[in-house]
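One letter stands for each residue in the lines below.
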Amino acid sequence: MNARAEDHLSDRLSPAAALTALRENAPLVQCITNTVVTNFTANALLAVGAAPAMCDIPGEAGLFAGIADGVLVNLGTPTAEQRDAAREAVRAGTPWVLDPVAVGVLPVRTALAAELLDHRPAIIRGNASEILALAGEAAGGRGVDATDGTDAAAAAARTLALRTGGVVAVSGPVDLITDGERAIRVHGGDALLTRVTGGGCSLGAVMAGLVGVCTSLEAAVAASALYAVASERAASQAKGPGSFAVAFLDALDAVAAAPAELDARVADAPALR
Amino acid sequence: MNARAEDHLSDRLSPAAALTALRENAPLVQCITNTVVTNFTANALLAVGAAPAMCDIPGEAGLFAGIADGVLVNLGTPTAEQRDAAREAVRAGTPWVLDPVAVGVLPVRTALAAELLDHRPAIIRGNASEILALAGEAAGGRGVDATDGTDAAAAAARTLALRTGGVVAVSGPVDLITDGERAIRVHGGDALLTRVTGGGCSLGAVMAGLVGVCTSLEAAVAASALYAVASERAASQAKGPGSFAVAFLDALDAVAAAPAELDARVADAPALR
Amino acid sequence: MNARAEDHLSDRLSPAAALTALRENAPLVQCITNTVVTNFTANALLAVGAAPAMCDIPGEAGLFAGIADGVLVNLGTPTAEQRDAAREAVRAGTPWVLDPVAVGVLPVRTALAAELLDHRPAIIRGNASEILALAGEAAGGRGVDATDGTDAAAAAARTLALRTGGVVAVSGPVDLITDGERAIRVHGGDALLTRVTGGGCSLGAVMAGLVGVCTSLEAAVAASALYAVASERAASQAKGPGSFAVAFLDALDAVAAAPAELDARVADAPALR
């Protein structure tokens, strides 16, 4: 176990403290993300208290990344300009989050993800299929939906975390988050979050909002716990996926403003090996 | 009358059966569509039970079309990359839907639509102005809104259907759908669906979700009947266009899960000539 | 004071009359805007009674601007194609609105905004930081959010208005609108409008919808008054930012259809100097 992991173990992870720090600091979050979820992602960031900016063209993205507190690179619809913008942004030295949407299935983004990995994302967030594919252990799923459970990606997540020196968050019915040594599981959430687009993509953005105000492990865990609780709250009020998406943004705002209950969602799992 | 049309006539069209098949198969639907409606379109597909993926860059679009169960090509905001992605996707042999947004008015998309027609879309869905323009019989409307009634486009729809060997769906107060021989009218719907963006565009996407699980005629009819009933249900709960859009996604989910009432919306019209 | 300003002073500005004219004419509004707000912007335009069209590719944008009643150029995510589309559109002679998102901070859009200014936008709409930066008097804020009060930008707004011969609208807690001589303040509004993305961007689009049916000063004032009243109405019904965004679209529709109360929101301020 290295010194960094020991520091983490000596800390008690508190999603509540992380989200309180986010509200106080209103971090500027640069999103290079796909056209399907830009609006929902910006609204999710605003709801939790961050300041989103979708600055994603070459000639501006690198400069803006130097100003931003956190950067999201989501590979959902990676145009040529976005690919160059991502290359600029990850060189700025600002902590950044990689969301490898559909990596493994599709060649352009798969090659880009491999290239970007050398620039050490603070957090990689994906579903199990994407994490397996990114680690080189599977060919990926059908694209955007997970076809493997999170536990199936545990070893791949540890491999990626050790390779990048960052944190890997595997989203699923139970989220699995690791820095290569410590493994955290976040329980709860509602399946309605998978019936609207942007749930996972905006989760990665919220992680990018948190990386400026706490450790990467805390950021990934806090965002996952927030999404679990907010999706349950929204589901209790929704009549279907349309009203769920609306209630979810309301719940993100409410839970982020009063986050005490989140800490109970976090459980340490046996260390991965 | 050819053998194919006879088969259709011998079948009783059942939107309910088509939507049940969609739910059971969760088809993967590739959307190359405009930036205005990507989010709404993905959410509409998820609501009915399909799996959307907006894979729209060259080098990936053709490959993904080979995996997908249906493809939508919507010409609303056709960037150069999207135009090349569309050219790749329609060559994959997967059934695809063409939505010729604003064709006739604008030269880049008009030329592209003419080129794509050679690759025989399973379904062409548009308003009357767009169908008339695509058939070469009018200069098109002001762009996105219909300035002609669906009946005015009946002959043009038949011409296009016979030319492509596919189905043409003309959306309007009463939808007109034809495979060149048989003509079906779908009644109902609510005008609020024209007061929010994405109604027609997402209808084309749902047709692309259905082409993998039933005939093209059934797909176009089932999607149109679903939209008629769901928009009426949503309108009965809405306070305005904002709450209508939300209620419409809820209604798509609810009606697609219990579609029995849809079959009554379908009426055979006299054959077009 | 010049003849044009005298004409304005002799007119009683009526947002209610302007919005009634919009409903009667259903102007066609071309939007070259950012990927984050395309959907919300189109829905806001539809709610007030305009016909939106996001025609933003080279080879089509200039031609379409010749058909449109008003054009919006918003620099939020200016791809190379959008930059060329904007250059085409502003040459068409149709009145157009410039929204200089994050100008001053980012070099590509800052250079483009300077170039486009020569084509005399009918209205420039931005927050105080953007107006200061566009006038060359400040380096801009962090990007999308205002870090200066509207009064701080009063002199810059006057300078820009005199340079372009158009109107400048500075959005903030109290909106400040000037044609270089006359200064109008619009009071009210709710801070929830700043907790969802697209509030300011869609306001610029509504101004582009109005420039075809009234003077530029009336257009900027009427849209600002509409947003003040509609955001207050929506806030009274919202549980959070998600439900606010939905209620806001409903309120735009309702207030635009019965706009009598808007006229009371407009106050003449001392002339700027």
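Since the structure is predicted, the reported quantities are computational estimates derived from the model, not experimental observations.

In this section: the UniProt feature "binding site: ATP" (unreviewed entry) in chain A. Residue and element names in this part refer to chain A. The feature "binding site: ATP" (unreviewed entry), as annotated in UniProt, sits at Arg 125 and Ser 171 in this numbering. For the residues just named, distributed over 47 residues, the greatest C-alpha separation is only 7.2 Å, placing them together at one site. Relative to the helices and strands, Arg 125 is located in strand S5 (residues 123–127). Setting aside its immediate chain neighbours within four residues, Arg 125 contacts Leu 98, Asp 99, Pro 100, Ala 169, Ser 171, Gly 200, Cys 201, Leu 203, Gly 204 and Met 207. A distance of 2.6 Å separates polar atoms of two side chains, one belonging to Arg 125 and the other to Ser 171. In this fold, Ser 171 is placed in strand S6 (residues 167–171). Classification of Ser 171 as buried rests on a relative accessible area of 15%. For Ser 171, the residues in contact, after removing those within four places along its chain, are Arg 125, Gly 126, Asn 127, Ala 128, Thr 150 and Leu 203.

Let's shift gears to the pairing of strand S8 (residues 183–186) of chain B. Every other side chain in a regular strand lies on the same face of the sheet, so the side chains alternate between the two faces. All names here are of chain B. Where strand S7 (residues 175–178) meets S8, four bridges bridge the pair, whose relative direction is antiparallel. Counterpart to Leu 176 in the pairing with S8 is Arg 185. Hairpin connection from S7 to S8: four residues lie between these consecutive antiparallel strands, with Gly 180 at a positive phi of about 105°. As paired elements, S8 and strand S9 (residues 266–269) share four bridges and run antiparallel to each other. When the sheet's bridge partners are listed, Val 186 is paired in S9 with Val 266.

One pass over the structure, following the stated rule, counts 30 salt bridges over all chains. Between Asp 253 of chain B and Arg 23 of chain B there is a salt bridge, and its shortest N-O distance comes to 3.2 Å. You can see Asp 253 of chain B sitting in helix H11 (residues 241–257) and its partner Arg 23 of chain B sitting in helix H2 (residues 15–25), a full 230 residues away along the chain. Taking relative accessible area as the criterion, Asp 253 of chain B reaches 14% and is therefore assigned buried. Arg 265 of chain B serves as the salt-bridge partner of Glu 232 of chain B, at 2.8 Å between the closest nitrogen and oxygen. Note that Glu 232 of chain B is positioned in helix H10 (residues 216–235) and Arg 265 of chain B in the loop between H11 and S9, a separation of 33 residues in sequence. Here the salt bridges do not stand alone but share partners, grouping Arg 23 and Asp 253 of chain A together with Arg 195 of chain C into one network.

Time to look at the interface of chain A and chain C. In this assembly, 28 residues from chain A lie in contact with 28 residues from chain C. Carbon and sulfur atoms supply 58% of the area that chain A and chain C bury against each other, a total of about 2100 Å² over both sides. When the buried surface of chain A facing chain C is broken down by residue, Leu 46, Glu 60 and Asp 250 of chain A rank first, second and third, together holding 24% of it. At the junction of chain A and chain C, the tally comes to two salt bridges.

Our focus in this paragraph is the sheet that holds strand S8 (residues 183–186) of chain A. Residues and elements named next belong to chain A. Reading across from one edge, S2-S1-S3-S4-S5-S6-S7-S8-S9 is the order of the nine strands in this open sheet, with mixed pairing throughout. Each edge of the sheet is formed by a strand with only one pairing partner; in this case those strands are strand S2 (51–53) and strand S9 (266–269). Sheet twist, expressed as the mean angle between neighbouring strand axes with direction ignored, is 20°. Bridging between strand S4 (residues 96–99) and S5 involves two bridges; their strand directions are parallel. Bridged to Leu 98 within S5 is Ile 124.

Placing chain A over chain C gives an RMSD of 0.0 Å and needs a rotation angle of 120°, together with 0.0 Å of translation along the axis. Here the two chains are linked by the operation of a three-fold rotation axis. By C-alpha distance to the rotation axis, the residue of chain A lying nearest is Thr 35 of chain A, at 3.7 Å. Residue by residue, only 7% of the interface of chain A is reproduced at the interface of chain C, so the copies engage with different surfaces.

With that settled, consider the relation of the copies chain C and chain B. Least-squares fitting of chain C to chain B yields an RMSD of 0.0 Å, with the superposition described by an axial translation of 0.0 Å and a rotation of 120°. A distinct binding surface is used by each copy, with only 7% of the interface residues of chain C retained as interface residues in chain B.

Our focus in this paragraph is the nonpolar core. Residue and element names in this part refer to chain A. Counting residues in each nonpolar core, the largest one holds 71 residues, and the members touching the most others are Ile 123, Ile 177, Leu 210, Leu 226, Tyr 227, Phe 248 and Leu 252. A per-element tally of this core places helix H10 (residues 216–237) first, with 14 residues. Dropping the residues within four chain positions of it, Ile 177 is found in contact with Val 167, Val 168, Ala 169, Arg 182, Ala 183, Ile 184, Val 186, Leu 217, Ala 220, Val 221 and Ser 224.

Attention now goes to the UniProt feature "binding site: substrate" (unreviewed entry) in chain A. In the numbering used here, UniProt assigns the feature "binding site: substrate" (unreviewed entry) to Met 54 and Gly 198 of chain A. Structurally, the position occupied by Met 54 of chain A is in the loop between S2 and helix H4 (61–67). Those residues within four positions of Met 54 of chain A in sequence are excluded, and the remaining contacts are Cys 31, Thr 33, Thr 38, Thr 41 and Ala 42 of chain A together with Val 36, Gly 76 and Thr 77 of chain C. Within the fold, Gly 198 of chain A resides in the loop between S8 and helix H9 (199–210). Look at Gly 198 of chain A and you get buried, because its relative accessible area is 6%.

Tallying the contact residues gives 28 residues for chain C and 28 residues for chain B. When chain C packs against chain B, close to 2100 Å² is buried across both sides, 58% of that on carbon and sulfur atoms. Area buried by chain C at its contact with chain B is led by Leu 46, Glu 60 and Asp 250 of chain C, which between them contribute 23% of it. Summed over the shared surface of chain C and chain B, the result is two salt bridges. The partner of Arg 109 of chain B in a salt bridge is Glu 60 of chain C, with the nearest N and O atoms 2.6 Å apart. Counting across the chain C and chain B interface gives twelve residue pairs in polar contact (both at pLDDT 80 or more). Of all the elements in the fold, those that place two or more residues in the side of chain C that touches chain B are helix H3 (38–48), strand S2 (51–53), helix H4 (61–67) and helix H11 (241–257) of chain C. Of all the elements, H3 of chain C adds the most residues to the side of chain C that touches chain B, at six residues.

Definitions and cut-offs
- Residues numbered from 1 in each chain as written.
- Chains lettered and ligands numbered in written order.
- Predicted model: local features only at pLDDT ≥ 70, side-chain atom pairs only at ≥ 80, totals over all residues.
- Heavy atoms only, no water.
- UniProt positions renumbered as here; feature names shortened; annotations may be inferred.
- Helix = DSSP H or I, 4+ residues; strand = E, 2+ residues; numbered from the N terminus.
- Contact = heavy atoms within 4.5 Å.
- Polar contact = N/O pair within 3.5 Å; in protein donor to acceptor, adjacent residues only side chain to side chain.
- Buried < 20%, exposed > 50% of the residue type's maximum accessible area, 1.4 Å probe, protein only.
- Pairing = 2+ DSSP bridges.
- Salt bridge = Lys/Arg side-chain N within 4 Å of Asp/Glu carboxyl O.
- Buried area = accessible area lost by both parts, 1.4 Å probe.
- Axes fitted to C-alpha atoms, helices over the stretch in contact; angles between N-to-C directions.
- Least-squares fit on C-alpha atoms with pLDDT ≥ 70 in both.
- Core = buried A, V, L, I, M, F, W, Y, C linked by side-chain atoms within 4.5 Å.

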